[in-house]
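# Architecture and fold: a report
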Amino acid sequence: MDRKKKVMVQNRRARHEYFIEETMEAGMALYGTEVKSIRQGKANLNDAFIRVKNGEAFVVGMHISPYEQGNIFNRDPLRDKKLLLHKREIAKLSESNMKEGYTLIPLSIYFYGNYAKMEVGICKGKKLYDKRQALKEKDDRREMDRAMAGRNRS
């Protein structure tokens, strides 16, 4: 059985705003029209975060646009979506969320075969000077690549 990981939605802002300490894969409990909307790429993770309560993990603030042909079967776009994880994984998320400065952020939604999965990151917030440093390194890398490309053309 050949399964491929097909990324549908990414949270690019999270990689800029946070240091990603660890990642974890989680399944999601979704309705059919939500899955169809995600397949069309109509989901948004920008303001989303993960909350652990009563031994269950939920994604809060993730927006999945209503499916056009969904009519009465469409759900609330901002409803909390349950994550499907083992108890030990939920305990690990809960423990890391209790640490000072750490938060749980959804990084991407992808399909693994027919299953919708979410990449969850245990993240620590960046300070302003960390963001500036990361942008400087990115610009330096880009300049170096341009210089090498120009040199190779000659």
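Quick summary incoming for the structure in this document.

What counts as what
- Residues numbered from 1 in each chain as written.
- Predicted model: local features only at pLDDT ≥ 70, side-chain atom pairs only at ≥ 80, totals over all residues.
- Heavy atoms only, no water.
- Helix = DSSP H or I, 4+ residues; strand = E, 2+ residues; numbered from the N terminus.
- Buried < 20%, exposed > 50% of the residue type's maximum accessible area, 1.4 Å probe, protein only.
- Contact = heavy atoms within 4.5 Å.
- Areas by Shrake-Rupley, 256 points an atom, 1.4 Å probe, with all protein chains shown as cover.
- Lys, Arg positive; Asp, Glu negative; His and termini not counted.
- Charge placed at Lys NZ, Arg CZ, Asp CG, Glu CD.
- Salt bridge = Lys/Arg side-chain N within 4 Å of Asp/Glu carboxyl O.
- 1 Å grid on protein atoms, 1.4 Å probe; cavity = no way out; pocket = protein on both sides within 12 Å on 5 of 7 lines; lining within 4 Å.
- Points joined across faces, edges and corners; volume = space filled by probe spheres on them.
- Nonpolar A, V, L, I, M, F, W, Y, C, P; charged D, E, K, R; others polar.
- Expected span 1.5 Å × (residues − 1).
- Arc of directions from axis to C-beta.

## Description of the overall build of the protein
- Each helix and strand counted, the protein has 4 helices and 9 strands in total.
- Helices and strands appear in the protein in the N-to-C order β-α-β-α-β-β-β-β-β-α-β-β-α.
- Along the first, second and third principal axes, the C-alpha set of the protein runs to 60 × 40 × 30 Å.
- A burial count over the protein gives 32% of its 154 residues as buried.
- Residue pairs in contact within the protein that sit at least 24 positions apart in sequence constitute 69% of those at least 6 positions apart.
- Summed over its atoms, the accessible surface of the protein is roughly 10,300 Å², and 47% of this surface lies on carbon and sulfur atoms.
- In the protein, which carries 33 positive and 21 negative side-chain charges, the distance between the mean positions of the two groups comes to 3 Å.

## As for the pattern of salt bridges
- The tally for this structure, following the rule as stated, stands at 9 salt bridges.
- A salt bridge links Arg13 to Asp47; its shortest N-O distance comes to 3.2 Å. Of this pair, Arg13 sits in helix H1 (residues 12-17) while Asp47 sits in the loop between strand E3 (43-44) and strand E4 (49-53), and the two are 34 residues apart along the sequence.
- A relative accessible area of 42% means that Arg13 is categorised as partly exposed.
- A relative accessible area of 58% means that Asp47 is categorised as exposed.

## Quick word on empty space enclosed by the protein
- With the rule as written, the count across this model stands at 1 cavity of 30 Å³ or more.
- Here the largest cavity is characterised by a volume of approximately 50 Å³.
- Every residue along the wall of the largest cavity is listed here: Thr33, Glu34, Ser37, Ile64, Ser65, Pro66, Tyr67, Asn74, Arg75 and Asp76.
- Counting residues per element, the lining of the largest cavity draws most heavily on helix H2 (residues 32-39), which supplies 3 residues.
- Residues belonging to the lining of the largest cavity are distributed by class as follows: 3 nonpolar, 4 polar and 3 charged.

## Some words on helix H3 (residues 87-98)
- A rise of 1.5 Å per residue sets the reference length of H3, with its 12 residues, at 16 Å; its end C-alpha atoms lie 17 Å apart and thus fit the reference within 8%.
- Among the residues of H3, Ile90, Leu93 and Ser96 are the ones counted as buried. Along the axis of H3, the buried residues cluster in a sector spanning 130°; they form a single face. Across H3 from its buried face, at more than 90 degrees, point the exposed residues Lys87, Arg88, Glu95 and Met98.
- Against the buried residues of H3 lie strand E2 (18-28), E4, strand E5 (56-60), strand E8 (102-112) and strand E9 (115-125).

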